[in-house]
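# Fold and geometry: a report
The lines below spell out each chain.
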Amino acid sequence: MQLSVYSENNWDDYKIWYIKKALCLDIYYDPFYLELEECITEGKRKVIVVEDGEDFLLYPFIEQFIPIPNFESYSDAISPYGYSGPYWSYTNNQFKLKSEQMVCDYQREHKIVNELIRYHFYYNQYATFELGIQNIYNRKVVIIDLQDTWDNIWAKEFSATNRNLIRKLEKEGYECFETCDLNLYTSFIELYYQTMDNAVAAKYYYFSKKYFEKLKIELGGKVKLFVVMKDGVLYNAALFFITNNIITYHLSARNLQYPKVPGSNYLLANVIKLFIGESWKHLNLGGGTNSDDNNHLLKFKQNFSKQTTDFFIGKRILLPELYQHLKEAYITFHGVDSLNLKQNIVQFYR
């Protein structure tokens, strides 16, 4: 078995490996997406590949140095934003555990203290990390089966209220379409920031303008902007990842001057209808903002599909003794009460 690690210095080698494998994977394993994620987190992108003949494990993560005095030579690992857990292709069951052990050994040798894994909603349904890890249910994710027919989805998956709202906007002459217009892309970014302000979103979700620029340039046709307009007014806009057989609802924005226009409903319905059939398998709408089954955003997305799947995260302490020292150092600087408030957060010091 051979372990290879790809980072900034040999990133082109990962691109070559990825292309040669001809992997039909979700966007979260794409070399260009991982470069973008590094731009957001200010960490270092890394991909571990373990191979044994035709069997392989592909595991992307972001490595970040620990921001506590005297611990700067240590780091942690976190999955890129989205659904980017370990991906296995194997015929020998022993390969799975052995490849995971090799990953753990590498991380310990390179002073990675802990890791947080965001499992893929589809690839990791039956294959997750198992060694010394706590795998935890996080929330439901809403999925649309694009192999179904539009008539079935419209009649059986969409809620009655949703259908009525969509009919209303269609009757009133609203339009939904894909666009490459740079002015509309700029308007989308402005609306996105306003939408985040209105939602009192966490700092992480305020992606920089540089991120949006690189998203459009680096991913090209793998990211598409859809808008809802009428009489020259932009009501709603959303970015979708279009990769292999999975479509992902990435970022969305709405015009807060028109709160009564259900443009998001109209936009999603049109995108679903557009991608029905052919080679597309799933449209991933994502989940709510937390694990509550009554979460407002989750309930909104369930107006489009009754199909959900569980999203899990994994927490692993790789160097337990050092991790305990980290807690003690954190208490020295911030107090025990602050640590207690973050007791369920594996990377509590960020």
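Everything discussed here concerns the structure shown above.
A few points on the structure. Here the structure is a predicted model, which is why all the values come from computation and not from measurement. (Residues numbered from 1 in each chain as written. Predicted model: local features only at pLDDT ≥ 70, side-chain atom pairs only at ≥ 80, totals over all residues. Heavy atoms only, no water.)

This part takes up the packing of aromatic side chains. One pass over the structure, following the stated rule, counts 51 aromatic pairs. Here the aromatic rings of Tyr185 and Phe188 are separated by 6.2 Å at their centres, their planes lie at 40°, and the arrangement is tilted. Of this pair, Tyr185 and Phe188 both sit in helix H6 (residues 182-199), 3 residues apart, roughly one helical turn. In this structure Tyr185 comes out as buried when scored by relative accessible area, which is 7%. A centroid spacing of 6.3 Å and a plane angle of 25° characterise the contact between Tyr192 and Phe207, whose relative ring orientation is stacked. Of this pair, Tyr192 sits in helix H6 while Phe207 sits in the loop between H6 and helix H7 (209-219), and the two are 15 residues apart along the sequence. Residue Tyr192 is classed as buried on the basis of its relative accessible area, which comes to 1%. On the basis of relative accessible area, Phe207 is assigned to the buried category, the value being 2%. If you follow Arg45 out to its NZ or CZ, it ends over the ring of Trp11, 4.6 Å from the centre. (Phe/Tyr/Trp six-rings, centres within 6.5 Å; stacked < 30°, edge-to-face > 60°. Helix = DSSP H or I, 4+ residues; strand = E, 2+ residues; numbered from the N terminus. Buried < 20%, exposed > 50% of the residue type's maximum accessible area, 1.4 Å probe, protein only. Lys NZ or Arg CZ within 6 Å of the ring centre and 35° of its normal.)

Our next topic: the side chain of Thr309. Along the polypeptide, Thr309 turns up in strand E13 (residues 308-317). Only 3.1 Å separates the side chain of Thr309 from the side chain of Gln125, close enough to count as a polar contact. Those residues in contact with Thr309, other than ones at most four positions away along the chain, are Phe121, Gln125, Arg139, Lys140, Val141 and Ile143. (Polar contact = N/O pair within 3.5 Å; in protein donor to acceptor, adjacent residues only side chain to side chain. Contact = heavy atoms within 4.5 Å.)

Our focus in this paragraph is helix H10 (residues 320-334). Since one α-helical turn is 3.6 residues long, residues separated by three or four positions face the same way. The terminal C-alpha atoms of H10 lie 21 Å apart, and with 15 residues this matches the ideal 21 Å at 1.5 Å per residue to within 8%. Every buried residue of H10 is accounted for by Leu322, Tyr323, Leu326, Ala329 and Tyr330. Summarising the axial view, the buried residues of H10 lie within an arc of 115°, below the 170-degree limit, and thus occupy one face. Among the exposed residues of H10, those oriented more than 90 degrees off its buried face are Pro320, Glu321 and Thr332. Where the residues of H10 are buried, they touch strand E6 (112-118), E13 and helix H11 (336-341). One or two steps after H10, the chain reaches Gly335, where phi turns positive at roughly 95°. (Expected span 1.5 Å × (residues − 1). Arc of directions from axis to C-beta.)

It is at 9 Å that the axes of helix H5 (residues 160-171) and helix H8 (residues 263-275) come closest, and there the two elements cross at 90°. Taken together, H5 and H8 sit at an angle that is classed as roughly perpendicular. Judged by residue contacts, Asn162, Leu165, Ile166, Leu169 and Glu170 of H5 engage Gly263, Asn265, Tyr266 and Ala269 from H8. Here the residues of the contact of H5 with H8 are counted per class, giving 5 nonpolar, 3 polar and 1 charged. (Axes fitted to C-alpha atoms, helices over the stretch in contact; angles between N-to-C directions. Parallel < 35°, antiparallel > 145°, perpendicular 65-115°, else oblique. Nonpolar A, V, L, I, M, F, W, Y, C, P; charged D, E, K, R; others polar.)

Across the two faces of strand E4 (residues 75-78) the burial is the same, with Ser75 and Ala77 and Asp76 and Ile78 all buried. Bridging between E4 and E6 involves 3 bridges; their strand directions are parallel. Bridging from a neighbouring strand, Ala77 pairs with Glu115 of E6. (Pairing = 2+ DSSP bridges.)

Before going further, it helps to examine the nonpolar core. One finds Tyr14, Leu58, Phe188 and Phe212 to be the most contacted residues of the largest nonpolar core, which totals 65 residues. For this core, the leading source of residues is H6, giving 8 residues. Those residues in contact with Tyr14 that lie beyond four places of it in its chain are Tyr6, Tyr29, Pro31, Leu34, Val47 and Leu58. Cys176, Tyr249, Leu268 and Phe304 belong to the second-largest nonpolar core, a separate cluster that totals 34 residues. (Core = buried A, V, L, I, M, F, W, Y, C linked by side-chain atoms within 4.5 Å.)

This part is about the pattern of salt bridges. Within the structure shown, the criterion is met by 12 salt bridges. Put simply, Glu35 and Lys15 hold a salt bridge, and the shortest N to O gap is 3.3 Å. With Glu35 in helix H2 (residues 31-41) and Lys15 in helix H1 (residues 11-21), this pair connects stretches of sequence that are 20 residues apart. For the residue pair Glu35 and Lys15, the accessibility class agrees, reading buried in each case. Arg316 is paired through a salt bridge with Glu115; the nearest N and O atoms lie 2.7 Å apart. Of this pair, Arg316 sits in strand E13 while Glu115 sits in strand E6, and the two are 201 residues apart along the sequence. Arg316 gets classed as buried once you look at its relative accessible area, which sits at 0%. Overlapping salt bridges, with partners in common, bring together Asp12, Lys15 and Glu35 in one network. (Salt bridge = Lys/Arg side-chain N within 4 Å of Asp/Glu carboxyl O.)

Taken N-terminus to C-terminus, the directions of H2 and H7 make an angle of 170°; their axes are 10 Å apart at the nearest point. Compared by their axis directions, H2 and H7 come out roughly antiparallel. When H2 is examined against H7, the residues Phe32, Tyr33, Leu36, Cys39 and Ile40 are found in contact with a partner set consisting of Lys210, Tyr211, Lys214, Leu215, Glu218 and Leu219. By residue class, the composition of the contact of H2 with H7 is 8 nonpolar, no polar and 3 charged.

We now examine the environment of Gln147. Structurally, Gln147 can be placed in the loop between strand E7 (133-145) and helix H4 (150-157). Distance in space between the C-alpha atoms of Gln147 and His282 is 7.8 Å, their sequence separation being 135 residues. The residues touching Gln147, leaving out its near neighbours within four places in the chain, are Gly277, Glu278, Ser279, Trp280 and Lys281. At 2.4 Å, the side chain of Gln147 forms a polar contact with the backbone oxygen of Trp280.

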